[in-house]
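# Analysis of the macromolecular model
Now for the letters of each chain:
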Amino acid sequence: ARAAVEAALSTAVATTALRVIQAEMASTRRTLRAVEQRWIPRLSSALALVRLELEELEHAEGVRHRWAAQQQRL
């Protein structure tokens, strides 16, 4: 009887551990899907906008520098 109880307990522990691991795997898959489908595209778009704004600022700064240099020559 003792061996049967130990075997049942061992099976219960293993089953519980398996369920916990499966739940963690499912949660991790959901998180990964959210990152891949939502966060990465949003962040990529935001990065593209920031880069565009930076290029525009650099261009405007170059125009101001050229204008200032031209004004000094006059």
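What comes next concerns the included structure.

Reading the values: rules and limits
- Residues numbered from 1 in each chain as written.
- Predicted model: local features only at pLDDT ≥ 70, side-chain atom pairs only at ≥ 80, totals over all residues.
- Heavy atoms only, no water.
- Helix = DSSP H or I, 4+ residues; strand = E, 2+ residues; numbered from the N terminus.
- Rg over C-alpha atoms; globule rule 2.2 N^0.38 Å.
- Buried < 20%, exposed > 50% of the residue type's maximum accessible area, 1.4 Å probe, protein only.
- Areas by Shrake-Rupley, 256 points an atom, 1.4 Å probe, with all protein chains shown as cover.
- Lys, Arg positive; Asp, Glu negative; His and termini not counted.
- Charge placed at Lys NZ, Arg CZ, Asp CG, Glu CD.
- Patch = residues over 30% accessible without salt bridge, like charges linked within 9 Å, V, L, I, M, F, W, Y side chains within 5 Å.
- Salt bridge = Lys/Arg side-chain N within 4 Å of Asp/Glu carboxyl O.

### Quick notes on the overall build of the protein chain
Looking only at helices and strands, the protein chain has 1 helix and 0 strands in total. For the protein chain, the C-alpha radius of gyration of 31 Å lies well beyond 11 Å, the compact-globule estimate for 74 residues. Along the first, second and third principal axes, the C-alpha set of the protein chain runs to 105 × 20 × 5 Å. Here the protein chain, with 74 residues, has 3% of them falling under the buried criterion. Accessible surface, the protein chain: about 6,900 Å² in total, of which carbon and sulfur atoms supply 62%. Seen as two clouds, the 11 positive and the 8 negative side-chain charges of the protein chain have centres 7 Å apart.

### Some thoughts on a nonpolar patch on the surface
A surface patch of nonpolar side chains, about 400 Å² in accessible area, is lined by Val 35, Trp 39, Ile 40 and Leu 43. Tracing the sequence through the fold places Trp 39 in helix α1 (residues 2-73).

### Comments concerning the pattern of salt bridges
Summed over the entire model, instances satisfying the criterion amount to 1 salt bridge. Of the charged contacts, one joins Glu 6 and Arg 2 as a salt bridge, the two residues approaching to 3.1 Å between their closest N and O atoms. Placement of the pair is Glu 6 and Arg 2 together in helix α1, with a separation of 4 residues, close to one helical turn. Judged by its relative accessible area of 44%, Glu 6 is partly exposed. The class of Arg 2 is exposed, set by a relative accessible area of 67%.

### Remarks on the environment of Val 63
Residue placement: Val 63 occurs in helix α1. By relative accessible area, Val 63 is classed as partly exposed at 38%. In this structure the C-alpha to C-alpha distance between Val 63 and Ala 34, which are 29 residues apart in sequence, comes to 42 Å.

### A few points about a positive patch on the surface
Taken together, Arg 29, Arg 30, Arg 33, Arg 38 and Arg 42 make up a surface patch of like positive charges. With respect to the helices and strands, Arg 30 occurs in helix α1.

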